[in-house]
Amino acid sequence: NDNHAWWEEERATDGSKWRFLEHKGPVLAPPYEPLPGHVRFFYDGKPMKLSAAAEEVATFFAKMLDHEYTTKDIFRKNFYKDWRKEMTSEEKSKITDLTKCNFTEMSEYFKAQSEARKQMSKEEKLENERILQEYGFCVMDNHKERIGNFRIEPPGLFRGRGDHPKMGMLKRRIRPEDIIINCSKDSKHPKPPQGTRWKEVRHDNKVTWLVSWTENIQGSIKYIMLNPSSRIKGEKDWQKYETARRLKKCVDRLRAQYRDDWKSKEMRIRQRAVALYFIDKLALRAGNEKEEGETADTVGCCSLRVEHIKLYPKMDDQEYVVEFDFLGKDSIRYYNKMPVEKRVFKNLQLFLENKQPEDDLFDRLNTSILNKHLQELMDGLTAKVFRTYNASITLQQQLKELTSPEESIPAKILSYNRANRAVAILCNHQRAPPKTFEKSMQNLQTKVPANQLCVCLCAWMMVEVKRKAVQRLEEQLMNLQMQATDREENKQIALGTSKLNYLDPRISVAWVKKWDVPIEKIYNKTQREKFAWAIDMAEEDYEF
DNA sequence: GGTCCAACTTAGCACATTGCTC
DNA sequence: GAGCAATGTGCTAAGTTGGACC
């Protein structure tokens, strides 16, 4: 039974994550297939046959030729360095300049290949389905569960986000000998491919992963874990929202506490209190320190530097304004101007004294200190709980404020999306405006007047006879107007992330039940699977 | 307290699929 | 039923957290 109600079962209390775990292991990346003879690589204008190893890495570059990445200096430098490591000594001496390398025939070949694949996708689809059925599920404690990512990441060129110092480096192929399998002792262990062995097979039920390997770019560990619909992920998700609800109960006390701490005579306590205020008010992330040169230069609250904020004693008609401008997770820019209380402002001025732009704003604070403090204030409290709490409470408040009983379903959905949007803005979940945005907006706009005309005409022509038809058109028009508004407001905002990770799904389920909105309008199939527990248990009177 | 590492959540983007319009 | 925009899914990078060890 794969859609069991795990939320009605008992939870283990001994820290074990499962009692039985059986799976088929990962799907390895397909082996490299050398290029057909007619697809050539040119060096300095002349065709050159590459060794298999060098050719494979060259194909990775060729596949990205259309991407802006391949024009970037760091990308090219890193790629070239790693590519040389795969060359024979002969190739090494011959190929001395990346600008003399011509990958266009390879690139064209791959484009043609992917075109061809689109045509014959039927058999391939069937094959994919077979692989999914064989490798995409596991058995964990009496239940068949969907696995999240059962394919090992194929080799290729690393693409970091933002200004990443390692972009272009070769992400090497993972062999069975690199892979650790985790399953229960009494299960049928997954078999490595003929003639190979796993690095290790272990039986650790204190963790949730099925497969792991170490990646060569950052040296970090990658995992195969279960799908969000699984018991093990769902329970954790549920727990996360329960922790946020406990914060709700004591947040007033905590806020009073950190406001009081702004006055502390100890610098470290004042810094901690101001940082916490930012985390609470602006939903900033904790901000761990990062190793320089290993990743893009991004920051969160605790790692903010002097150069990331500006203080304005007066700005327009406001006093004590702080301007934030920094790159956060995924190198997404955070820009905001916020008036703060005088005491916070004075503290910030103090923190900035005698510092260089590249110095830490909170030099007596880090995430570990902050989280230890939070733990003392409330069991299970960490910096990220504030994001969850503020996101969920905002959704609940906004839904209450924006929904009016008499409006139509499309209008209700617009209200829901607006509430969701308020959260996405709070959490700074941005996106680049879609490439086709202007055009699709125009399409929608031209449809609206046409429809309006239609409604008038119909109303005039068929006053009594076809009231129903007129009504339908009116509804259609309303629908289009709602869609247009929604889309315009959503131009640079990504709703998905908050919906999936920050909003207690029971708030949405309760709202849907209260106003008789079909759940499908709010959650698609995948989301309904992930939030099955909430859909089942939340009633219309649920309070976050 | 500081460093390192494992394990897990959160994130945007690329690509695939669906569904709407002509 | 072709073409294209909208929506959904997969991928994997980039965070947070806590515990071990010193």
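If you check an unreviewed UniProt entry, chain A appears there as DNA topoisomerase I from Esox lucius. Here chain A is described in UniProt, under the heading Sequence similarities (unreviewed entry), as follows: "Belongs to the type IB topoisomerase family."

S.K.: Before we move on, could you go through the overall build of chain A and cite the residues and values that matter?
M.R.: On a plain count of helices and strands, chain A comes out with 17 helices and 15 strands. Seen through its principal axes, chain A has C-alpha atoms that stretch 80 × 75 × 55 Å. Here the contacts in chain A between residues at least 6 apart in sequence split such that 68% fall between residues at least 24 apart. Taken as a whole, chain A presents about 30500 Å² of accessible surface, with 49% of it coming from carbon and sulfur. Charge separation in chain A, taken as the distance between the mean sites of 96 positive and 83 negative side-chain charges, equals 1 Å.

S.K.: Please give an account of the nonpolar core that cites residues and values.
M.R.: Residues Leu247, Phe278, Leu284, Leu304, Phe324, Leu348 and Phe362 are the most contacted members of the largest nonpolar core, which totals 77 residues. Once residues lying within four places of it in the same chain are set aside, the contact partners of Leu348 are Val274, Phe278, Ile309, Leu311, Val322 and Leu361. Core analysis: the next-biggest nonpolar cluster, separate from the first, contains 28 residues, Phe41, Val57, Phe60 and Phe75 among them.

S.K.: With reference to specific residues and values, describe the pairing of strand β5 (residues 137-140).
M.R.: If a strand is regular, its side chains alternate between the two faces of the sheet. Of the pairings in the sheet, the one linking strand β1 (residues 21-22) to β5 comprises two bridges and is antiparallel in character. The residue bridging Glu22 from the neighbouring strand is Val139, located in β5. By the bridge criterion, four bridges tie β5 to strand β6 (residues 143-146) in an arrangement that is antiparallel. What sits directly across from Phe137, in β6, is Arg146. The antiparallel pairing of β5 with β6 creates a hairpin that spans two residues between the two strands, and Asp141 there sits at a positive phi of about 45 degrees.

S.K.: Could you give an account of the protein's contact with DNA strand B, naming the residues involved and the relevant values?
M.R.: Near DNA strand B you find 26 residues, and of these Lys233, Lys240, Arg285, Lys329 and Tyr502 are the closest. Considering DNA strand B, the proportion of its atoms within 4 Å of the protein that are sugar or phosphate atoms stands at 83%. Here a phosphate oxygen of DNA strand B sits 3.1 Å away from a polar atom, N or O, in the side chain of Lys384. Contact distances for DNA strand B include 2.8 Å between a phosphate oxygen and a side-chain N or O atom of Arg387. Looking at the surface near DNA strand B, the elements with two or more residues in it are β12 (221-224), α6 (231-261), α10 (383-402) and α14 (496-501). Tallying contributions element by element places α6 first for the surface near DNA strand B, with three residues. Looking at the surface near DNA strand B residue by residue, the class counts come to seven nonpolar, seven polar and 12 charged.

S.K.: Can you tell me about the packing of helix α11 (residues 409-426) against helix α15 (residues 505-515), naming the residues and giving the values?
M.R.: Running from N to C, α11 and α15 point in directions that differ by 160 degrees, and their axes come no closer than 12 Å. The angle between α11 and α15 places the two elements in the roughly antiparallel class. Crossing of α11 over α15 shows right-handed handedness. Together, Lys412, Ile413 and Tyr416 of α11 and Ser508, Trp511 and Trp515 of α15 make up the contact between the two elements. Classifying every residue of the contact of α11 with α15 by side-chain character gives four nonpolar, one polar and one charged.

S.K.: Explain α11 residue by residue, including any values.
M.R.: With 18 residues, α11 extends 26 Å from end C-alpha to end C-alpha; this agrees with the ideal 26 Å at 1.5 Å per step. Burial runs high along α11: 13 of the 18 residues are buried. Following α11 by one or two positions, Asn428 adopts a phi angle in the positive range, close to 60 degrees.

S.K.: I'd like to hear about empty space enclosed by the protein, residue by residue, with values.
M.R.: Enumeration over the complete set of coordinates arrives at one cavity of 30 Å³ or more. There is about 50 Å³ of room inside the largest cavity. Around the largest cavity, the lining residues are Glu153, Lys171, Arg172, Ile174, Trp213, Glu215 and Asn216. Residue classes in the lining of the largest cavity are distributed as two nonpolar, one polar and four charged.

S.K.: Break down the environment of Lys342 for me, citing the residues and quoting the values.
M.R.: Turning to its location among the elements, Lys342 is positioned in helix α8 (residues 342-352). Taking C-alpha positions, Lys342 is 25 Å from Leu377, a pair spaced 35 residues apart along the chain.

S.K.: Summarise the layout of surface pockets; cite the residues concerned and give the values.
M.R.: Rolling a probe over the atoms, with the probe sized like a water molecule, indicates the empty space that remains. Considering only enclosed or pocket space, the second largest pocket measures out at about 1000 Å³ in volume. Forming the walls of the second largest pocket are 29 residues, and the residues nearest its centre are Pro30, Pro31, Glu33, Lys63 and Arg117. Looking at the lining of the second largest pocket, the elements with two or more residues in it are α1 (52-63), α4 (104-119) and α5 (121-135). The biggest single contributor to the lining of the second largest pocket is α4, with six residues. In terms of residue class, the lining of the second largest pocket is made up of 16 nonpolar, four polar and nine charged.

S.K.: Requested: an account of the sheet that holds β5, with residues and values cited.
M.R.: Strand order in the open sheet made by the three strands is β1-β5-β6, with antiparallel pairing throughout. A strand with exactly one partner marks an edge of an open sheet, and here the two such strands are β1 and β6.

S.K.: Could you give an account of the sheet that holds strand β10 (residues 200-202), naming the residues involved and the relevant values?
M.R.: Strand order in the open sheet made by the four strands is β10-β9-β11-β12, with mixed pairing throughout. Where the open sheet ends on each side, the last strands, each with one partner, are β10 and β12. In this sheet, adjacent strand axes meet at a mean angle of 20 degrees when their direction is disregarded. Sheet analysis places strand β11 (residues 211-214) next to β12, joined by four bridges and oriented antiparallel. For Trp213, the partnering residue across the bridge sits in β12 and is Lys222.

S.K.: Lay out the side chain of Lys166 with the relevant residues and their values.
M.R.: Structurally, Lys166 is set in the loop between β7 (156-157) and β8 (170-171). Look past the residues within four positions of Lys166 in its chain and what remains in contact with it is Asn78, Phe158, Ile217, Gln218, Gly293 and Glu294.

Calculation notes
- Residues numbered from 1 in each chain as written.
- Chains lettered and ligands numbered in written order.
- Predicted model: local features only at pLDDT ≥ 70, side-chain atom pairs only at ≥ 80, totals over all residues.
- Heavy atoms only, no water.
- UniProt positions renumbered as here; feature names shortened; annotations may be inferred.
- Helix = DSSP H or I, 4+ residues; strand = E, 2+ residues; numbered from the N terminus.
- Contact = heavy atoms within 4.5 Å.
- Areas by Shrake-Rupley, 256 points an atom, 1.4 Å probe, with all protein chains shown as cover.
- Lys, Arg positive; Asp, Glu negative; His and termini not counted.
- Charge placed at Lys NZ, Arg CZ, Asp CG, Glu CD.
- Core = buried A, V, L, I, M, F, W, Y, C linked by side-chain atoms within 4.5 Å.
- Buried < 20%, exposed > 50% of the residue type's maximum accessible area, 1.4 Å probe, protein only.
- Pairing = 2+ DSSP bridges.
- Near = heavy atom within 4 Å.
- Polar contact = N/O pair within 3.5 Å; in protein donor to acceptor, adjacent residues only side chain to side chain.
- Nonpolar A, V, L, I, M, F, W, Y, C, P; charged D, E, K, R; others polar.
- Axes fitted to C-alpha atoms, helices over the stretch in contact; angles between N-to-C directions.
- Parallel < 35°, antiparallel > 145°, perpendicular 65-115°, else oblique.
- Left-handed = near helix turned anticlockwise from the far one by under 90°.
- Expected span 1.5 Å × (residues − 1).
- 1 Å grid on protein atoms, 1.4 Å probe; cavity = no way out; pocket = protein on both sides within 12 Å on 5 of 7 lines; lining within 4 Å.
- Points joined across faces, edges and corners; volume = space filled by probe spheres on them.

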